[in-house]
Amino acid sequence: MEVVDHYLYTKEHEWVSIEDNIATTGITDYAQEALGDITFVELPEVGGEVEQFEEFASIESVKAANDIFAPVSGKVIEVNTRLESDPGIINKSAFEKGWLAKVQMSDKEEASNLMTAEEYQKFLESIG
Amino acid sequence: MQLIFEKSVPGKRGYRNPSPDIDVHIQVPEKYQRKQECGLPEVSELDVVRHFTLLSQQNFSVDTQFYPLGSCTMKYNPKFNEHIAQMPAFAGLHPLLPQLKQGEKLAQGALEVLYEMEQLLCEITGMDNFTMQPLAGAHGELTGVMMMAAYHKARGNKKKYIIIPDSAHGTNPATAAIAGYGIISVASDKNGVMNLEELKKKLNDEVAGLMITCPDTHGIFHSQIDEIARLVHSVDGIMYYDGANLNAVLGRFRPGDVGFDVMHINLHKTFSTPHGGGGPGAGPVGVNKKLVPYLPVSRVIKKEDGSYALNYDYPESIGYIASFYGNFAIILRAYAYTLLLGKEGLKETTDHAVLSANYIRERLKDRFELAFDRFCMHEAVFSAARQAKRGVHALDIAKFLIDEGIHPPTIYFPLTVKESIMIEPTESESKQTLDHFIDVMLKIDDLSKTQPEIVAGRPQSTPVSRPDEVKAARDVSTNYFLTQKDIRTSGYQDIRNELVS
Amino acid sequence: MASFIANTPADVEAMLKTIGVSSIDELFADIKRSHAPKSFNIPSGKSEFEVTEHLSRLAAKNAAGLIPFIGGGYYDHFIPAAVTALISRGEFATAYTPYQPECSQGTLQALYEYQSAICTLTGMEVANASLYDGGTALYEAAMMAARLTGRHKIIMDGGVSPIYRKILKTYTSNLHYEFTETPVVHGQSDRPQIRKLLDNDTAAVILQNPNFFGAIDDHADIVIKAHEQGALVIESVYPLSLGILKTPGEMGADIATGEGQSLGLPLNFGGPYLGIIATRKKFIRAMPGRIVGQTVDKNGKRCFVNTLQAREQHIRREKAASNICTNVSLCAVQSLIYMSLLGKEGLKELAQLNLDKAEFARQEIEKIPGVAVKRSSPTFNEFTVVLPKDASQVVEAMITKGFAAGFPLGRYYPGMENYMIVAVTEKRTKEEILAYAKALREVIH
């Protein structure tokens, strides 16, 4: 299972990549594989505020529906509108083209609540 | 097969309307008329008969195949039920008649059917009163939970949560959430029933009640159900019995006897009314004395002179939950069935349903992993985990069964069991049918060891094989008159933005 | 055996032996002895003959012979023989929800065709595979509008069936929604009042066409006002009238619902009926209940499956759009067969026949001195009659003359005790209508 080295992770299998105070978020390769072919993505509203570990998006596959939790708090500044017409991008490229939203972080300290790639890798091994 | 719309030829007619016997002819004013042409097909009666007969032949059904769909009680639906339901004095009866002045006199027979069926259900379940109004199981659940809320409101209770075992049908948590309650989920223990210790930990004064199916979806009866009732009642919680699996306990157990306060029954399961490809069903709700004041109106009563009437005067009632008195024609079928079977027949039904499930359990348990290795009630739950390791998943087993002329069991439910296969044979099926099914299941297990690819390639005898469900969900096409590109599905946020802009 | 058990005693013996128990009782070990039924006092089983006798006696206690001029949303239309014959096929009736598409294409394709037929009938873009009945469909539509808009206030026109309004009231009061009713003025929606109530907390305005009084309207102007406030419009319709009348789609309504009983289903003393719901394509994910979609199989062949299931309770559980599990597939297919037999021309012709017969009856009733027929709005096949005395007494007296004369409005509209609504379908012959008018004249004078 692919894990990107310099990203941070949640136990709910979201990833986040932080540059300055802009956090790009998405779901991990493990998550997309567990969901199967994704058929629909409901993205957060641009301009809306999100709280760390609160629901901010949802993803559906044929026989599953999952809430996605915001890995960090802040204001949504951009969403990946391509997913609306082609949700399968997440299956093909969970860590890059399948990103969900960009969040302007309100509290950079929150990054300490997330796992490093190494920790996430171990977490994946622990859940088998 | 072509769609009925694709068979349309301009000018064809399938039905002749009555000739006008009056010489009045008026026009609706122009602005109230439809301008868009209605696209109903133009076909002959034979076209229609052939089309729907051929369509019907693409279905598996209880009348044509063994249909051991777990949790759905696909028993034989006696033809007698249908015969009774078509009696014109019932089928043609207008539901507003008893609402006319003295109108109850016009529907005494129908009201008696409702009243008598209520009495029978009370005796079968040990409840004190029934409403026949709910139109399906889930509708019954919502009715029951609204009564639960009314009870707590009347007592000034501040309740926030409903406890539901993790093995429950999805309708339970969905219903509780719609009624405004939070859900507390309790896991199953190693015996496949709700974990009592965990329940004790999670129970508190904010718990409005507990919804439980007994036997549960693992097919196992909770032997400490009375203790659960005692615990829930200790916080003034309401015990809700989901009667989906009532076929397992007729004449053996009555929910009312051990402290259940409210329950629903799926008449289309236990009481043999046809499932109709997904409905209509009926979901009567029974209550004990605690909840009687909150029953929906109208209620059917028997007057001192022996006649029947509708009463609406119950100030604490939750109100109207359905347009009329329930799915009457379904209730009528269930009534006819109950009269045919009687006391002995009902008990025999349960006994044979449980015997058959255990026979399958016993004969398959060495080859298919049992979810819980103990006697089951009316259904046996296996896991195809072993076969899955060989590349044959529960889905593949289901598709192979179709080629053998057997409707697949329920698969991937309950969610608590990986690769679950849930088999409910019902009392209607003979040992010979069960033996054939078992032989096919054993053959599948053999093939999973030797030629798993054969199983994975099925079905091959059906008109279509392995539909692309991903495509169906991504390129949504649900209407012949719209092309696929027309349907772009939107999320709530988009819609709200669009609405206010 | 009466209980439809297939096994012989020898089969039972063999099965018990395989299981390794000596009696069926042993299989019930989990039910404690103390939990045995305290009573199970059910009559013993009877033969088909005996039960038929019993139920025939009960049937005879129903006044099935009255000539019906009663409607109120449920109508006595003729059902062609082919409808009953086809829908009685066990392959449709004794199948269940099409979980396995390969052995359920019959039900699935029929439901796809049903959805399409409902769309073309109502002028909407997408329909589901049916809900329980017209009343609960309206409730589901209201909840759907609340979900879509994120708002909690519902405005209900007083011309909507009073039965539907009572159902809505039960659910909204128990489920914490705000619900306001607007009166009916001269048989029509009270537009100024609706405009006044409409605000940016309004989830939906609920309307009905024709309304409970039988009046036809065009609600396009209300739709515009509602949309200005970001509210949705739900239009409850009498499907058969759409052979002629302006559709909810043409009015711009967001959700159409209806009672499908008029499309080939018997009256059945209140059910089972057919709950119709249809909406705009962009709202499809918020629509409750089962939806069938077209796709292709692994060989590229067109086929049909349940789709968008991730909205439903068996996956979403407490986050589902609705708790609905079943639909009324069989009733939906029944209505599809009916609509297919009629076809577009037959439906138009049938609607016109209903219109004309009702007009003939109106003219005959108007001839009775002291009786007035409301003509402030055009009507379809049901209209309001004003009597010189209490309508419920008149209807009671008409029963003795063999007629279910109409539905008195006083029951649901206080102050309208002298009013009744009268329905005339294609089944009422000229002779019946004339006899009705004659009887009414005698009862009044």
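Conventions and cut-offs
- Residues numbered from 1 in each chain as written.
- Chains lettered and ligands numbered in written order.
- Predicted model: local features only at pLDDT ≥ 70, side-chain atom pairs only at ≥ 80, totals over all residues.
- Heavy atoms only, no water.
- Helix = DSSP H or I, 4+ residues; strand = E, 2+ residues; numbered from the N terminus.
- Rg over C-alpha atoms; globule rule 2.2 N^0.38 Å.
- Buried < 20%, exposed > 50% of the residue type's maximum accessible area, 1.4 Å probe, protein only.
- Contact = heavy atoms within 4.5 Å.
- Areas by Shrake-Rupley, 256 points an atom, 1.4 Å probe, with all protein chains shown as cover.
- Lys, Arg positive; Asp, Glu negative; His and termini not counted.
- Charge placed at Lys NZ, Arg CZ, Asp CG, Glu CD.
- Buried area = accessible area lost by both parts, 1.4 Å probe.
- Salt bridge = Lys/Arg side-chain N within 4 Å of Asp/Glu carboxyl O.
- Polar contact = N/O pair within 3.5 Å; in protein donor to acceptor, adjacent residues only side chain to side chain.
- Domains from an automatic or database assignment.
- Pairing = 2+ DSSP bridges.
- Nonpolar A, V, L, I, M, F, W, Y, C, P; charged D, E, K, R; others polar.
- Expected span 1.5 Å × (residues − 1).
- Bend = angle between axes of the 7 residues up to and from the residue.
- Axes fitted to C-alpha atoms, helices over the stretch in contact; angles between N-to-C directions.
- Parallel < 35°, antiparallel > 145°, perpendicular 65-115°, else oblique.
- Left-handed = near helix turned anticlockwise from the far one by under 90°.
- Phe/Tyr/Trp six-rings, centres within 6.5 Å; stacked < 30°, edge-to-face > 60°.
- Lys NZ or Arg CZ within 6 Å of the ring centre and 35° of its normal.

Participant: Please explain the overall build of chain A as it appears in this structure.
Facilitator: Tallying secondary structure elements over chain A gives 4 helices and 10 strands in all. Secondary structure elements in chain A, listed N-terminal to C-terminal, are β-β-β-α-β-β-β-β-β-α-α-β-β-α. Its C-alpha radius of gyration of 13 Å places chain A within 12% of the 14 Å reference for a compact globule of 128 residues. The principal-axis extent of the C-alpha atoms belonging to chain A is close to 35 × 35 × 20 Å. Considering chain A as a whole, with its 128 residues, one finds that 55% of them fall into the buried category. Taking all contacts inside chain A whose residues are at least 6 apart in sequence as the whole, residues at least 24 apart take part in 62%. Total accessible area on chain A is roughly 6200 Å²; 42% of this is exposed by carbon and sulfur atoms. In chain A, which carries 9 positive and 27 negative side-chain charges, the distance between the mean positions of the two groups comes to 5 Å.

Participant: Help me understand the overall build of chain B in this model?
Facilitator: Across its full length, chain B holds 16 helices and 13 strands. Radius of gyration (C-alpha) of chain B: 26 Å, near the 23 Å computed for a compact globule of 501 residues. Principal-axis analysis of the C-alpha atoms places the extent of chain B at approximately 75 × 65 × 60 Å. Burial analysis of chain B (501 residues in total) assigns 68% to the buried set. Looking at chain B alone, contacts between residues at least 24 apart form 69% of all its contacts between residues at least 6 apart. Charge-centre separation for chain B: the mean point of 53 positive side chains lies 2 Å from the mean point of 60 negative side chains.

Participant: I keep staring at the interface of chain B and chain C and nothing clicks. Help me out?
Facilitator: By a widely used convention, the size of an interface equals the accessible area lost when the partners come together. Each side of the interface is counted separately: chain B has 219 residues, and chain C has 207 residues. The largest share of the area that chain B buries against chain C comes from B:Tyr32, B:Arg34 and B:Leu40, three residues that together contribute 4% of it. Where chain B meets chain C, there are 11 salt bridges. One can count 93 residue pairs in polar contact (both at pLDDT 80 or more) joining chain B with chain C. The greatest single-element share of the side of chain B that touches chain C, amounting to 28 residues, is contributed by helix H10 (residues 328-364) of chain B.

Participant: Help me understand the domain arrangement of chain B, please; the structure alone is not making it clear to me.
Facilitator: Segmentation of chain B into domains returns domain 1 (4-56) and domain 2 (125-300 + 310-339). Summarising the inter-unit geometry, the C-alpha centres of domain 1 of chain B and domain 2 of chain B are found 45 Å apart.

Participant: Quick question: what am I supposed to make of the pairing of strand E9 (residues 255-259) of chain C here?
Facilitator: On any regular strand, side chains alternate: one points to one face of the sheet, the next to the other face. All names here are of chain C. Along E9, 5 of the 5 residues are buried, which leaves the element largely enclosed by surrounding structure. Bridge count for strand E8 (residues 232-237) against E9 is 4 bridges, and the pairing is parallel. When the sheet's bridge partners are listed, Ile 234 is paired in E9 with Ile 255. Pairing of E9 with strand E10 (residues 275-279) involves 5 bridges; the strand directions are antiparallel. Following the sheet pairing, Gly 258 is matched in E10 by Ile 276.

Participant: Is there a simple way to explain unusual backbone geometry in this structure?
Facilitator: As a rule of thumb, non-glycine residues mostly have phi less than zero, and peptide bonds are mostly trans rather than cis. Residues and elements named next belong to chain B. In this structure, the amide linkage connecting Phe 413 to the following residue, Pro 414, adopts the cis form with an omega of 0 degrees. Cis geometry marks the peptide bond from Arg 458 to Pro 459; its omega dihedral reads 0 degrees. As for its placement among the helices and strands, Pro 459 is situated in the loop between helix H14 (452-456) and helix H15 (469-474). Not every positive phi belongs to a glycine, and Gln 102 is a case in point at roughly 60 degrees. Residue position: Gln 102 is located in the loop between helix H3 (88-91) and helix H4 (108-125). A positive phi is found at Tyr 412, a non-glycine position, where the angle reads about 60 degrees. On the basis of relative accessibility, which here comes to 37%, the residue Tyr 412 falls in the partly exposed class.

Participant: Can you help me understand the interface of chain C and chain A in this one?
Facilitator: On the side of chain A, 10 residues touch chain C, which itself brings 6 residues to the contact. Between chain C and chain A, the buried area comes to about 680 Å², and carbon and sulfur atoms account for 45% of it. Note that C:Arg285 and A:Glu60 form a salt bridge whose closest N and O atoms lie 2.1 Å from each other. Along the contact surface separating chain C from chain A lie 1 residue pair in polar contact (both at pLDDT 80 or more). Residue composition of the side of chain C that touches chain A, by class: 2 nonpolar, 1 polar and 3 charged.

Participant: What is the right way to look at H10(B) in this model?
Facilitator: The periodicity of an α-helix, 3.6 residues per turn, causes residues three or four positions apart to be oriented the same way. Residue and element names in this part refer to chain B. Helix length check: H10, at 37 residues, gives a terminal C-alpha distance of 41 Å against a target of 54 Å (1.5 Å per residue), a shortfall beyond 12%. Of all bends in H10, the biggest is about 95 degrees, found at Gly 342. Where burial is concerned, most of H10 is hidden: 32 out of the 37 residues are buried.

Participant: Is there a simple way to explain the packing of H4(B) against H10(B) in this structure?
Facilitator: Working note: a packed helix pair is described by the angle between its axes plus the distance between those axes. All names here are of chain B. One way to put it is that H4 packs onto H10 with a least axis distance of 10 Å and a crossing angle of 45 degrees. The angle between the axes of H4 and H10 places the two elements in the oblique class. Relative to H10, H4 is oriented so that their crossing is left-handed. Residues Ala 110, Val 113, Leu 114, Glu 116, Met 117, Leu 120 and Ile 124 of H4 lie in contact with H10, whose contacting residues are Phe 328, Ile 331, Leu 332, Ala 334, Tyr 335, Thr 338, Leu 339 and Leu 346. Among the residues forming the contact of H4 with H10, the class breakdown is 13 nonpolar, 1 polar and 1 charged.

Participant: Mind showing me how you'd approach the pattern of salt bridges here?
Facilitator: Pairs can form between side chains of opposite charge once their charged atoms are near each other. All names here are of chain B. For the structure shown, the criterion picks out 59 salt bridges over all chains. Notably, a salt bridge pairs Asp 435 with Lys 431, separated by 3.1 Å at the nearest N-O pair. Of the two residues, Asp 435 and Lys 431 are both situated in helix H13 (residues 431-450); the distance of 4 residues between them amounts to about one turn of the helix. Comparing Asp 435 with Lys 431 shows no difference in burial state: the two are buried. What you see here is one network of salt bridges that share partners, running through Arg 367, Arg 390, Asp 445, Asp 446 and Lys 449.

Participant: Sorry, what's going on with the packing of helix H6 (residues 134-149) of chain C against helix H7 (residues 162-174) of chain C here?
Facilitator: All names here are of chain C. It is at 9 Å that the axes of H6 and H7 come closest, and there the two elements cross at 45 degrees. In terms of axis orientation, H6 runs oblique to H7. The handedness of the crossing between H6 and H7 is right-handed. Mapping the contact onto sequence places Gly 134, Gly 135, Leu 138, Tyr 139, Ala 142 and Met 143 in H6 and Tyr 164, Ile 167, Leu 168, Tyr 171 and Thr 172 in H7.

Participant: Would you explain the packing of aromatic side chains in this entry?
Facilitator: Geometrically, a pair of aromatic rings is defined through the distance of the ring centres and the angle of the planes. The tally for this structure, following the rule as stated, stands at 36 aromatic pairs over all chains. Seen in terms of ring centroids, B:Phe324 and B:Tyr325 are 5.6 Å apart; in terms of plane orientation they differ by 50 degrees. Their pairing is tilted. We note that B:Phe324, like B:Tyr325, is buried. Ring pairing ties together the aromatic residues B:Phe90, B:Phe324, B:Tyr325, B:Phe328, C:Tyr74, C:Phe269 and C:Tyr273, which thus form one cluster. The ring of A:Trp99 has A:Lys102 lying over it, and the distance from NZ or CZ to the ring centre is 5.0 Å. Sitting over the face of the ring of A:Phe40, C:Arg285 holds its NZ or CZ atom 3.4 Å from the ring centroid.

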